[in-house]
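Descriptive structure summary
Spelled out, the chains give:
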Amino acid sequence: INGLAEVRGKRQIKNLRSRFDLRLDAVGNQPVGALPVAGIVRGTVTLAPRLSLEFQESHLTTPNSTLSAQGTLSASSETSLALKASTSNFEEWGPLVESLSGTTEPIPLQLHSEATFNGELTGGSAHREIAGTFQMGRFEFRGWAWDGLKAELHATPDHLEVAQAVVRRGESSVRLAGASALTHWKPAPPGPIALTARVDHTPLEGLLAAFDISYPL
């Protein structure tokens, strides 16, 4: 890590304000399983009246992914942080996604294009919300190839909603909408799940495989 940190304030620690301008460089000879990260982070941190971070520019990269953030992240008051993320290799984020989803098995997803999320983290400390658009081009799930997916996501610590989701394969499409209960951002077993689907010109075998359903045909 290289960069500048400038501290300003009065006699009382609660008035302390710091400006930072940091550059992260990925180093060679990474330990097995480590993910090299590079990028820049610029902004200010304020201790009063509440601890908050203001990201004027934040852009991090890994070998196959990027993450950008701009806005304010507060420990106890209103947060408004714009987020952009993209990856062309699901394996970089597989362990994190699997941990958040509560699954003990690897998620059988393989990307043949870029997956992106463009959204915002908002709300106070008692009620954070993440909302945005997730989309990707060609991918394989459970061995079945699809041409693309797009969905609107909205999540709070106790609720996840997926709206206007469309999965495409040639002239076939599956339109989905659903909701699930969460506990501290993770699935709440055995939490209820509501799901609706509309299928157009989609092979039944592919649909069953997507939902991991085994049924004699």
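Here we summarise the structure given alongside this text. (Residues numbered from 1 in each chain as written. Predicted model: local features only at pLDDT ≥ 70, side-chain atom pairs only at ≥ 80, totals over all residues. Heavy atoms only, no water.)

Things to note about the sheet that holds strand S10 (residues 139-141)
- The sheet built from 3 strands is open, its strands ordered S7-S10-S11 with antiparallel pairing. Single-partner strands in this sheet number two, and they are strand S7 (109-111) and strand S11 (144-146). Between one strand and the next, the sheet's axes are offset by a mean angle of 20°, whatever the strand orientation.
- Pairing geometry for S10 and S11, over 3 bridges, is antiparallel. Following the sheet pairing, Phe141 is matched in S11 by Trp144. (Pairing = 2+ DSSP bridges. Helix = DSSP H or I, 4+ residues; strand = E, 2+ residues; numbered from the N terminus. Axes fitted to C-alpha atoms, helices over the stretch in contact; angles between N-to-C directions.)

Quick word on the pairing of strand S8 (residues 115-123)
- Residues Ala115, Phe117, Gly119, Leu121 and Gly123 of S8 are buried on one face, while the alternating residues Thr116, Asn118, Glu120 and Thr122, pointing to the opposite face, are not.
- The sheet contact formed by strand S6 (residues 79-87) and S8 spans 9 bridges and is antiparallel. Bridge assignment links Thr79 to a residue of S8, and that residue is Gly123.
- As defined by bridge partners, S8 adjoins strand S9 (residues 129-136) across 8 bridges and the pair is classed as antiparallel. Within S9, the residue paired with Glu120 across the bridge is Ala131.
- Hairpin connection, S8 to S9: the antiparallel pair is bridged by 5 residues. (Buried < 20%, exposed > 50% of the residue type's maximum accessible area, 1.4 Å probe, protein only.)

Details of unusual backbone geometry
- A positive phi angle, close to 55°, is found at Gln164, a residue other than glycine.
- A positive phi angle is found at Trp185, which is not glycine, with a value near 75°.
- Residue classification places Trp185 among the partly exposed positions, given a relative accessible area of 31%.

Describing the environment of Ser76
- Take Ser76: it is sitting in the loop between strand S5 (65-74) and S6.
- Overall, Ser76 belongs to the partly exposed group, its relative accessible area being 40%.

What to know about the pattern of salt bridges
- Applying the stated criterion across every chain, the model contains 3 salt bridges.
- Its salt-bridge partner being Arg42, residue Asp21 comes within 3.0 Å of it at the nearest N-O pair. Taken together, the positions of Asp21 in strand S2 (residues 17-24) and Arg42 in strand S3 (residues 38-46) put the pair 21 residues apart, joining distant regions of the chain.
- The class of Arg42 is partly exposed, set by a relative accessible area of 29%.
- Across the salt bridge formed by Glu57 and Arg42, the nearest N and O atoms sit 2.4 Å from each other. Separated by 15 residues along the polypeptide, Glu57 in strand S4 (residues 52-61) and Arg42 in strand S3 bring together distant segments of the chain.
- Among the ionic contacts, a cluster of salt bridges with common partners joins Asp21, Arg42 and Glu57. (Salt bridge = Lys/Arg side-chain N within 4 Å of Asp/Glu carboxyl O.)

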